[in-house]
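Inside the fold
Letter by letter, the chains look like this.
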Amino acid sequence: MVPRAEFESYYGRPVIKAPSWAARDIAGYFFLGGLAGAGSVLAAGAQLTGRTTTATAMKASSLAAISLSAAALVHDLGVPSRFPNMLRVLKPTSPMSVGSWLLAGYGPAAGAAAISAVTGRLPRAGALATATAAVLGPAVASYTAVLAADTAVPAWHGAHRELPYVFAASATAAASGMALVLGPASESGPARCAAVLAAGAEEAATRAAERRLGMVAETYRKGRAGTLLRTARVLTASGATTALLLGRRSRSAAVVGGLALLAGSACTRFGIFAAGVASAEDPKYTVVPQRADDPPDEG
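About the thresholds
- Residues numbered from 1 in each chain as written.
- Predicted model: local features only at pLDDT ≥ 70, side-chain atom pairs only at ≥ 80, totals over all residues.
- Heavy atoms only, no water.
- Axes fitted to C-alpha atoms, helices over the stretch in contact; angles between N-to-C directions.
- Helix = DSSP H or I, 4+ residues; strand = E, 2+ residues; numbered from the N terminus.
- Left-handed = near helix turned anticlockwise from the far one by under 90°.
- Buried < 20%, exposed > 50% of the residue type's maximum accessible area, 1.4 Å probe, protein only.
- Contact = heavy atoms within 4.5 Å.
- Phe/Tyr/Trp six-rings, centres within 6.5 Å; stacked < 30°, edge-to-face > 60°.
- Lys NZ or Arg CZ within 6 Å of the ring centre and 35° of its normal.
- pLDDT = per-residue confidence, 0-100.
- Core = buried A, V, L, I, M, F, W, Y, C linked by side-chain atoms within 4.5 Å.
- 1 Å grid on protein atoms, 1.4 Å probe; cavity = no way out; pocket = protein on both sides within 12 Å on 5 of 7 lines; lining within 4 Å.
- Points joined across faces, edges and corners; volume = space filled by probe spheres on them.
- Nonpolar A, V, L, I, M, F, W, Y, C, P; charged D, E, K, R; others polar.

What follows is about the packing of helix α4 (residues 95-119) against helix α5 (residues 123-149). In a pair of packed helices, the angle between the axes and the distance between the axes together describe the arrangement. It is at 7 Å that the axes of α4 and α5 come closest, and there the two elements cross at 150°. Two packed elements cross with a definite hand, and for α4 against α5 that hand is left-handed.

Take a look at the structure:
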């Protein structure tokens, strides 16, 4: 019998290349895109239920968020022409290609919806743009999770089933927070309910991802990523609780809860990004799970 080999790496060097993306650009792109996409869904719901002040505010915030998200993406690409070049062909098997087309379709729709709402012009075209942005919004909010999970980064790829749900729930929490900050307290009922549901869904999806990751889940609990994700949990839970219990009666409490939800969502995206980098830099998170999946040697 030959003893099973212990983990080792060639001079301790990483097995895969860590992401070269800048955290400020790409984690910010993840957060802002999610805020925009989920915000368009809440804006459409507010419009349908007669909450016009909240609807207008959310349309404007979604336009601002998707604009900043696109700017962060282009800044990370380094050469602005790279983005339109990605629109030359649609490749359904490529999350980057599909995401580029999603942004190309969603951005103008969100812009038209916001401009119509703010100016009061072309209400029918504005309604169509609002509906289009709401339909594309969930995909815009979650496709970045598919993009990250499509890499070889252990902390992302290993959670490829749960990560889109984490991103979607986090985006909903952020959009609910924005609605609480910008909308009047009298129109905040749906946003408060969405915040509570999103906080619970995000926690459940994150726990499920950590269970699936096994030892790789250490990267979600240690170092910079661990600090950010623990902070995210506290901010999201406290923001949802504050909004639910106090947001209806107190405008200031609604704003505080909304800001906590926004900050918690941002911490979630930056924490997951940091966990991915940490898992790529340490070779054991690539090698050990693969060896655990290997069938035992027969003597």
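Glancing now at the environment of Arg212. Relative to the assigned elements, Arg212 resides in helix α8 (residues 189-213). You can call Arg212 partly exposed: its relative accessible area is 41%. In this structure Arg212 touches Gly158, Arg161 and Glu162, once residues within four positions along its chain are discounted.

Here we take up the packing of aromatic side chains. Evaluation of the coordinates by the stated rule reveals 3 aromatic pairs. Aromatic rings pair up to connect Tyr29, Phe30 and Phe167 into one cluster. A cation over a ring is seen here: Arg269 above Phe167, with NZ or CZ 4.4 Å from the ring centre.

Turning our attention to the confidence of the model for the chain. On average, residues of the chain score 86 in pLDDT, and 87% of them are at 70 or above. Ranking the elements of the chain by mean pLDDT puts helix α12 (residues 284-293) last with 67 and helix α7 (residues 163-182) first with 95. Below pLDDT 50 for its whole length, residues 295-299 participates in 4 contacts with residues either more than four positions away or in separate chains.

What follows concerns the nonpolar core. Within the largest apolar cluster, 66 residues are counted, with the highest numbers of intra-cluster contacts made by Tyr29, Leu35, Trp156, Tyr220 and Ile272. Considering each element in turn, this core owes the most residues, 11 residues, to α7. Every residue in contact with Tyr29, bar those within four places of it in the chain, is listed here: Ser69, Ala72, Leu73, Leu103, Tyr143 and Thr144.

The next point concerns empty space enclosed by the protein. Taken as a whole and judged by the stated rule, the model has 1 cavity of 30 Å³ or more. If you add up the space inside the largest cavity, you get close to 60 Å³. Around the largest cavity, the lining residues are Ser40, Ala43, Met58, Lys59, Ser62, Ala110, Ala113, Thr130 and Ala133. Contributions of two or more residues to the lining of the largest cavity are made by α1 (23-48), α2 (52-77), α4 and α5. Broken down by element, the lining of the largest cavity gets its largest block of residues, 3 residues, from α2. Class assignment for the residues of the lining of the largest cavity results in 5 nonpolar, 3 polar and 1 charged.

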